[in-house]
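Working through the structure, step by step
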Amino acid sequence: MLAGTGSDVGKSVIVTALCRIFKQDGYNPAPFKAQNMALNSYATPEGSEIGRAQAVQAEAAGIPCHTDMNPLLLKPQSDHTSQVVLNGKPIGNKNAYDYWRRGESDIDFRAEVCKAFDRLAARYNPVVMEGAGSISEINLRDTDLVNLPMARHANADVILVGDIDRGGVFASVYGSIMLQTPEDRKLIKGIIINKFRGDMRLFEEGRKMLENICDVPVLGVVPYYKDIYIEEEDSVSLEKKQRELAEGKVNVAVVLLRHISNFTDFDTLERDPRVNLFYTNNVSDIQRADIIILPGTKATLDDLLELRRNGCAQAIIRAHRDGKMVVGICGGYQMFGLTISDPDGIEGTIASLPGLGLLPIHTTMTSEKTTQQVTFQFEGQECQGYEIHQGVSDTDQSILQTDHCIGTYIHGFLDNAPVIDYLLKDKGDDKHIVDHTTFKQLQYDKLAEHVRQHVDMKRIYQILTDHD
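Let me sum up the structure you'll find in this document. (Residues numbered from 1 in each chain as written. Predicted model: local features only at pLDDT ≥ 70, side-chain atom pairs only at ≥ 80, totals over all residues. Heavy atoms only, no water.)

1. Quick notes on the overall build of the chain
Scanning the chain for helices and strands turns up 16 helices and 24 strands. The C-alpha atoms of the chain give a radius of gyration of 23 Å, which matches the 23 Å a tight globule of 468 residues would have. Along the first, second and third principal axes, the C-alpha atoms of the chain reach 65 × 55 × 40 Å. In the chain, 73% of the contacts between residues at least 6 apart in sequence involve partners at least 24 apart. (Helix = DSSP H or I, 4+ residues; strand = E, 2+ residues; numbered from the N terminus. Rg over C-alpha atoms; globule rule 2.2 N^0.38 Å. Contact = heavy atoms within 4.5 Å.)

Quick look at the structure:
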């Protein structure tokens, strides 16, 4: 298990790296995270839903993703409520307070996630587990499903990941270990310091001091990297992508929604050398951009209402009227339509709203969720993607295209070279980037090499062997 001193310390990336390394070394690894809270999700081959991070880790391991890799997914809908997805299917919305008071639920979530792990462990070896947030939230110890209680069930060796970039790494690592029960403390077999910047030699003394005070070996110090592209798990990364417009580039504005989901849809387009992609809810930036994308959302009606309040809806309509290309994906596609209705209160208290009127569709929210991988044709070429959405539109088309306007239910739509080249035609040199699948596999190999260089893999194998 890769556990963390806090959120966003890099656990997901280290898990991804280890999955790739174990695969390269001839093993049959699989990722596992008992409970994930994220708005980035993915459709499995069977048509179920899991966290996008575990799908990425499975891809690094060279295996199909499965709900057993992430049996419990929480998709925030507001500050206090989340949609609960169990074993790939939504089972309703839960208030955070009620969710954490397990006794009030008729479902034994701990039993469910443990059964999923047991099924996975029977098929793969090793299972590379990921914790969530900080392992030292002692007020949640009794209800924790994903950190040390899960490690106890799995009889897992735990490696603690600390982020030196944010400062306070000695206190966070030492405190995280010392706040564990004596039983759980014994499970922690190593420490990885992540996101180091500067001359590695300057931390040699610190490494020894950390080992001495924690009585746990430091297995590696992993430097910060800039030239390896692994999908981000949560929206913390979007704060770094609210850039300015750029001269000499195709400026692509992704409208920044409060409940934005699956923003990994734009990673491939962002890497195209012709493009300057940024996230914004600034009306002026939207109108000045060359292409405007309205992304997916976990709360379509609420975000649509906010777009009308903050002027972004009108800015998108004006940009389209001025001949700019506008693209709506999933919830953005629904908002491009004529109306969105929610007669059963699936999303909340808003019963109905007019859409932006750019596409001739009406959408009704339903309790059933569509989750499937899809193959589609674009510009005469076969492309791949996946659908995850609630709501039914009165068209049988997953892609609807009119003059400089495209709406689609397909996530991964912009990962396909024919789509990107269509959007960017006549906008600079025709030099689309490497095929998306090839590019991702190269990134997993680069990440594995980076971690091999800076983590004592021989020691990790020894820990696993001694355990057995």
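2. Focus: unusual backbone geometry
In this structure, proline 126 follows asparagine 125 across a cis peptide bond, with omega equal to 0 degrees. Backbone geometry at lysine 195 places phi at a positive 65 degrees, although glycine is not the residue there. On the secondary structure map, lysine 195 appears in strand 11 (residues 188–196). You can call lysine 195 buried: its relative accessible area is 16%. (Buried < 20%, exposed > 50% of the residue type's maximum accessible area, 1.4 Å probe, protein only.)

3. Focus on the side chain of serine 176
Tracing the backbone shows serine 176 in helix 6 (residues 169–178). From its side chain, serine 176 meets the backbone oxygen of serine 172 in a polar contact 2.6 Å long. What serine 176 contacts, discounting residues up to four positions off in sequence, is Thr5, Ile135, Ser136, Leu160 and Ala171. (Polar contact = N/O pair within 3.5 Å; in protein donor to acceptor, adjacent residues only side chain to side chain.)

4. Description of helix 2 (residues 52–61)
A large share of helix 2 lies buried, amounting to nine of its 10 residues. For helix 2, the complete set of buried residues consists of Arg52, Ala53, Gln54, Ala55, Val56, Gln57, Ala58, Ala60 and Ala61. Trailing helix 2 by a residue or two, glycine 62 shows a phi angle of about 80 degrees, which is positive.

5. A closer look at the packing of aromatic side chains
A complete count under the given rule lists 13 aromatic pairs for this structure. Note on phenylalanine 266 and tyrosine 279: the rings are 6.3 Å apart at their centroids and 70 degrees apart in plane angle, and the pair reads as edge-to-face. Of this pair, phenylalanine 266 sits in the loop between strand 14 (260–261) and helix 9 (267–271) while tyrosine 279 sits in strand 15 (residues 275–280), placing them 13 residues apart in sequence. The residues phenylalanine 266 and tyrosine 279 share a single accessibility class, namely buried. Measuring from ring centre to ring centre gives 5.4 Å for phenylalanine 378 and tyrosine 422, while their planes differ by 80 degrees; the resulting arrangement is edge-to-face. In this pair, phenylalanine 378 is assigned in strand 21 (residues 362–378) and tyrosine 422 in helix 14 (residues 417–424), connecting sequence segments 44 residues apart. In this structure, phenylalanine 378 and tyrosine 422 share a single accessibility class: buried. One aromatic cluster is present, formed by Phe376, Phe378, Phe413 and Tyr422 through successive ring pairs. In this structure, arginine 197 packs its charged tip against the face of tyrosine 224, placed 3.7 Å from the ring centre. (Phe/Tyr/Trp six-rings, centres within 6.5 Å; stacked < 30°, edge-to-face > 60°. Lys NZ or Arg CZ within 6 Å of the ring centre and 35° of its normal.)

6. Overview of the sheet that holds strand 8 (residues 89–95)
The four strands lie next to each other as 3-6-7-8, forming an open sheet whose pairing is mixed. In this open sheet, the two edge strands, each paired with only one partner strand, are strand 3 (35–37) and strand 8. Direction aside, the axes of adjacent strands within the sheet are offset by 25 degrees on average. Pairing between strand 3 and strand 6 (residues 72–76): three bridges, direction parallel. The residue bridging glutamine 35 from the neighbouring strand is leucine 72, located in strand 6. (Pairing = 2+ DSSP bridges. Axes fitted to C-alpha atoms, helices over the stretch in contact; angles between N-to-C directions.)

7. Considerations on the pairing of strand 13 (residues 250–255)
The buried fraction of strand 13 is high, at six of six residues. Here strand 13 shows two buried faces, one formed by Val250, Val252 and Val254 and the other by Asn251, Ala253 and Val255. When strand 13 meets strand 15, the two strands line up parallel, connected through six bridges. Within strand 15, the residue paired with asparagine 251 across the bridge is asparagine 276.

8. Describing the pattern of salt bridges
Per the counting criterion, the structure on display carries 21 salt bridges. When the shortest N-O distance is used, the salt bridge between aspartate 25 and arginine 452 registers 2.6 Å. Residue aspartate 25 is found in the loop between helix 1 (11–24) and strand 2 (30–32), and its partner arginine 452 is found in helix 15 (residues 436–454); the two are separated by 427 residues along the sequence. Its salt-bridge partner being arginine 258, residue aspartate 302 comes within 3.1 Å of it at the nearest N-O pair. Of this pair, aspartate 302 sits in helix 11 (residues 300–310) while arginine 258 sits in the loop between strand 13 and strand 14; the two residues are 44 residues apart in sequence, bridging distant segments of the chain. Judged by its relative accessible area of 25%, aspartate 302 falls in the partly exposed class. Taken together, the shared-partner salt bridges in this structure form one network comprising Glu49, Lys75 and Lys369. (Salt bridge = Lys/Arg side-chain N within 4 Å of Asp/Glu carboxyl O.)

9. Focus: the environment of aspartate 322
Of note, aspartate 322 is situated in the loop between helix 12 (312–321) and strand 18 (325–329). Taking the C-alpha atoms as reference points, aspartate 322 and glutamine 287, 35 residues apart in sequence, are found 9.0 Å from one another.

10. Some remarks on the environment of glycine 296
Counting through the fold element by element, glycine 296 comes out in strand 17 (residues 296–297). For glycine 296, a relative accessible area of 0% translates into the label buried. It is 17 Å that separates the C-alpha atoms of glycine 296 and leucine 74, two residues lying 222 residues apart in sequence. Those residues in contact with glycine 296 that lie beyond four places of it in its chain are Leu257, His259, Ile260, Ser261, Ile329, Cys330, Gly331 and Gly332.

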